[in-house]
Amino acid sequence: MFKANLTEFSIRHPKLVLALTVLVTLAFLSPMPGMRTDTNPKNMLPPTSEVRVWNDSVDRTFRLYEDTIVVGVVNEKGALNPDTLRKIRDITAATMQIKGVAARDVSSFTTIDNVTAAADGLRVGPLVNRIPETPEELAALRRTLFENPLFLDRIISRDARTAAIYVPLEKGANGKEVADRIREIVGAQAGGERYYIAGDPVARDTFGAEMFKLMGIFSPIAGMIMFAAIYYMFRNLALAGTMMLVAMAAIIWSMGLLVGLGFPVHIMSSMAPVFLMAIATDSIHIFNEFYFRFRESGDKPRVIRETIAAVSRPVRYTALATAAGFAVLLFMKIVPVKVFGGVVVFGTLALRLLSFSLIPAILTLIPDRALAQASVSEDTATDPVALTLRKIAGVGARRPLATAIAGLALVAVALAGVSRIVVNNNLVGWFKSDADVRVADRVINQALGGTSLGYVVAAAKRPDDMKTPEAMRYLEGLQRHLERLPVVGKTVSVADYVKRINRVLNGDDPRFDAIPDSAETIGQYLFLFSMSAKPADLDNVVDYPFQRANIWVQLKTWDARAMQDVIDAVADYKRRHPSEMEFKPAGIAYFNLVWNNEVLWDMLLGFLLALGAVFAILVVNFRSVKWALLGYVPLLFTVLLIYGVVGFAGKDFDMPISVLSCLSLGMAVDFSIHFISRFRQRLDDAGGAASADAVREALAWTASRPGKGVMRNAVLFAAAFSVMLFAPLTPYVTVGAFIVSMMLLSATLTILYLPALVVLARPWLFGGRAIAGGRTAA
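The shown structure was predicted, so the numbers you read here are calculated from the model rather than taken from an experiment.

A few words now on the overall build of the protein. Within the protein, the secondary structure is distributed over 32 helices and 9 strands. Projected onto the principal axes, the alpha-carbon positions of the protein cover approximately 110 × 50 × 45 Å. Element-wise, carbon and sulfur atoms account for 61% of the exposed surface of the protein, whose accessible area totals about 30,400 Å². For the protein, the separation between the mean place of its 80 positive charges and that of its 68 negative charges on side chains is 10 Å.

Structure representation (structure tokens):
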């Protein structure tokens, strides 16, 4: 009733509807200047989440920095030469002046502490005070570097071609801005060195900047592609403009609501405009049916009413199905995913409101002559697209068993591919292989310990327990065990400092590169070191009650599952070597793992919820469990086939794909709703008989007329997302490829498989009507 009254009001007062739409759009547009962005992966989980609370606690205890940039300096002839060392010195000094850099803790040849013996005990000072010039001085530096495990694989590579500068950032600093300033600094250096800048803040903030730039570019391009495609389909600028106006209004309403409620725009919500642009294409069914009816009648007000009456139910329920697919995201733990779900649900409902108000209003205002000229080609008897769709449906209807068997065979193959899917997230992997961020990460990981950092926190039962030889040797043994993992490039703990001090104070004799036998000696060493070194040196690896120690674990990959390998190795070592100490992971690598697992279980829950919600909508729409099950088939076929390809291609099941697994259910079922609803309408209009001939005739009509709307919808939807295939960021390419494939495949399977299944299941679906229809035909 509301839909009919709204449409009638729009037909009678089209200019008023247009004016109200503009006013509401301007109201939603007003908060947009206050838009904020957020690309920090920590905010994927709420501040109260266990992993964030724990990581913050570890950062405070060990005075750690949340973000660190790694600058790699590569000289193929060797980095240990006066010229390269001077450049490292100058780059370090200039970098320390950048706003947002924690200058006091920048580590390079000229700032990192080196422990040597002095007459009164220990001397702790910068590794390089003066640039060595002579071969003897360079040889001494090389010997110092390669004999000290605190330096090797950290600030110098084993082949001496790569040196590193570690740049910790103050809280709130923008990694991309700092990285850009460092690029300016290294860009001013002459010579044959190559410079690489990597680390989580660089990848994260660069991704954020690229993300919003891409959305600023791709959203208008997607709109232009849709506009061109709609004009090609309907040969009417006003209709093409109507579709774009509906889409843009819904986008502004949704993003305005997001900003107005105080939410920042994250990676997921930044994609909302393209999703809404594509979802708006469902209105194509209104235009599709309107053109067919207008060609037959020419009475525009009556045609508008009849069109809305014919398509309103499937359009309304496809909107509900799409909204349900996105609404399940509201139950997720990943905060930006929840926000994204809410934005698109609101936008989808706004689109449907505009479909039954703004579209009838604009159709009323378009001159009849323009519509008559454009609708001439809408004849199912002569239109090439309609005839092709009729033939595709005819294949399924005439050979239903063969079609069904072929589909089952494809599903069996797809299931084999699905079994190969690996759940993983890798922020650096979200850049293409030739991107600067990816290249820098690869080069530094190959040469040094690694750019991804995790921690293993050891907790003893009592204060001062970490000073005991047993505790130190246990840490040392655990480090050697972890370093056997392919993903681990280097580990550092308080045990390394104790061994180094022991060697230095014993004439630099390699035999004393070991843990002392006395807790008292260890305590004295740590006291001497704390009095001479920078506070952070010791604070980073042990707390002052000496009850907890922190093992730094440098990983050679940002794969989330790499930290799981570390956790498993720690558990394995403790199982083999029982200890009172407890061990717990921490750091950004651990956060990525927890986030990865949260995504997995959230999306599994979301997928199940979406399955139930979409099925319930199908049952309510068709008023039949049987027809709901039938409508599920193209959806499940599509999802399984695409995920089968993902598995065979070796693509990780990451956040973009996992989120799409929920969304796909709501979007891919739309075509089934339109096809089955209009098919059943056709049968009822023809008298309700369900004989074999009547069913085949209705299927052929549905494929050629509403089916043309289905295919138009799929093409427009795919066209909107096709722009993402050209993005430099792989999540956008993934989303684009997934949606394009899903839309085209789902539409094709709807046209082909639903006729086959309807024919096969005719007696079951129609019961007595099928039998009665068959006798009548006879």
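Turning our attention to the nonpolar core. Grouped together as the largest cluster of nonpolar side chains are 251 residues, with contacts concentrated most on Phe109, Met466, Val494, Val566, Phe721 and Tyr732. At 14 residues, the largest contribution of residues to this core is made by helix α24 (residues 588-622). With 7 residues, the next largest nonpolar core counts Ala414, Phe637, Leu641 and Tyr753 among its residues.

As a further point, take the sheet that holds strand β5 (residues 194-198). Overall, antiparallel pairing links the 3 strands, which are arranged β4-β1-β5 in an open sheet. Each having just a single partner strand, β4 (162-169) and β5 make up the two edges of the open sheet. Each strand axis lies, on average, 20° off the axis of its neighbour in the sheet, ignoring direction. Running over the sheet, helix α7 (residues 200-234) touches β1 (67-74), β4 and β5 and is turned about 105° from β1. Docked against the sheet, helix α18 (residues 436-447) engages β1, β4 and β5, running at close to 100° with respect to β5.

Here helix α3 (residues 50-61) contains 12 residues, and its C-alpha end-to-end distance of 16 Å stays within 8% of the 16 Å for a straight helix at 1.5 Å per residue. All of the buried residues in α3 are Val51, Arg52, Trp54, Asn55, Val58 and Asp59. Angular distribution of buried residues about the axis of α3 spans 165°; they occupy a single face of the element. Away from its buried face, by an angle of more than 90 degrees, α3 presents the exposed residues Glu50 and Arg60. Where α3 is buried, its residues meet β6 (452-459), β8 (548-555), β9 (582-586) and α24.

Turning our attention to the pattern of salt bridges. Using the criterion set out here, one finds 44 salt bridges in the structure. Close ionic contact of Asp83 with Lys87 constitutes a salt bridge, the shortest N to O distance being 3.3 Å. Linking Asp83 with Lys87, this pair stays in helix α4 (residues 82-95), spanning 4 residues, or about one helical turn. Under the relative-accessibility criterion, Lys87 is labelled buried at 7%. Close ionic contact of Arg130 with Glu137 constitutes a salt bridge, the shortest N to O distance being 2.5 Å. One salt-bridge network, in which partners are shared between bridges, spans Glu289, Arg293, Asp299, Arg302, Glu306, Arg678 and Arg705.

The subject of this paragraph is the sheet that holds β6. Read from one edge to the other, the open sheet built from 4 strands follows the order β7-β8-β6-β9, with strand pairing classed as antiparallel. Strands with a single pairing partner mark the edges of an open sheet, and in this sheet they are β7 (488-492) and β9. Between one strand axis and the next, the sheet turns through 25° on average, direction left out of account. In terms of strand pairing, β6 meets β9 through 5 bridges, oriented antiparallel. Across the sheet, the residue bridging to Tyr455 is Ala586, located in β9. Contacting β6, β8 and β9, α24 runs over the sheet at an angle of about 95° to β6.

As a further point, take the packing of helix α11 (residues 284-296) against helix α29 (residues 706-722). It is at 9 Å that the axes of α11 and α29 come closest, and there the two elements cross at 140°. As α11 runs across α29, the sense of the crossing is right-handed. Across from Ile284, His285, Asn288 and Phe292 in α11, the residues of α29 making contact are Pro706, Lys708, Gly709, Val710, Arg712, Asn713 and Leu716. Grouping the constituent residues of the contact of α11 with α29 by class yields 5 nonpolar, 4 polar and 2 charged.

A cluster of nonpolar side chains, namely Phe9, Leu16, Leu20, Val22, Leu23, Leu26 and Leu29, defines an oily patch on the protein surface of about 630 Å² accessible area. Broken down by element, the residue count for the nonpolar patch peaks at 6 residues, all from helix α2 (residues 14-29). By relative accessible area, which is 44% here, Leu20 ends up partly exposed.

Over its 31 residues, helix α30 (residues 730-760) runs 42 Å from end to end, which matches the ideal 45 Å to within 8%, given 1.5 Å per residue. Largest kink in α30: about 30°, centred on Thr750. With 23 of its 31 residues buried, α30 lies for the most part within the structure.

Okay, the packing of aromatic side chains next. If you walk through the whole model with that rule in mind, you get 23 aromatic pairs. Judged by centre distance (5.4 Å) and plane angle (75°), the ring pair of Phe275 and Phe340 falls under edge-to-face. Linking Phe275 in helix α10 (residues 272-279) with Phe340 in helix α13 (residues 335-355), this pair joins segments that are 65 residues apart in sequence. Take Phe275 and Phe340: they sit in the same class, and that class is buried. Pairing Trp430 with Trp595 gives two aromatic rings, centres 6.2 Å apart and planes at 75°, and the pair type is edge-to-face. You can see Trp430 sitting in the loop between α17 (400-418) and α18 and its partner Trp595 sitting in helix α24, a full 165 residues away along the chain. Accessibility assignment for this pair places Trp430 and Trp595 in one class, buried. Members of the aromatic cluster, each reached through a chain of ring pairs, are Phe275, Phe326, Phe340, Phe717 and Phe721. Lying over the aromatic face of Tyr166, Arg154 brings its terminal NZ or CZ to 4.1 Å of the ring centre. Over the ring of Phe546 we find Lys467, and its NZ or CZ is 4.5 Å from the ring centre.

Conventions we followed
Residues numbered from 1 in each chain as written. Predicted model: local features only at pLDDT ≥ 70, side-chain atom pairs only at ≥ 80, totals over all residues. Heavy atoms only, no water. Helix = DSSP H or I, 4+ residues; strand = E, 2+ residues; numbered from the N terminus. Areas by Shrake-Rupley, 256 points an atom, 1.4 Å probe, with all protein chains shown as cover. Lys, Arg positive; Asp, Glu negative; His and termini not counted. Charge placed at Lys NZ, Arg CZ, Asp CG, Glu CD. Core = buried A, V, L, I, M, F, W, Y, C linked by side-chain atoms within 4.5 Å. Buried < 20%, exposed > 50% of the residue type's maximum accessible area, 1.4 Å probe, protein only. Pairing = 2+ DSSP bridges. Axes fitted to C-alpha atoms, helices over the stretch in contact; angles between N-to-C directions. Contact = heavy atoms within 4.5 Å. Expected span 1.5 Å × (residues − 1). Arc of directions from axis to C-beta. Salt bridge = Lys/Arg side-chain N within 4 Å of Asp/Glu carboxyl O. Left-handed = near helix turned anticlockwise from the far one by under 90°. Nonpolar A, V, L, I, M, F, W, Y, C, P; charged D, E, K, R; others polar. Patch = residues over 30% accessible without salt bridge, like charges linked within 9 Å, V, L, I, M, F, W, Y side chains within 5 Å. Bend = angle between axes of the 7 residues up to and from the residue. Phe/Tyr/Trp six-rings, centres within 6.5 Å; stacked < 30°, edge-to-face > 60°. Lys NZ or Arg CZ within 6 Å of the ring centre and 35° of its normal.

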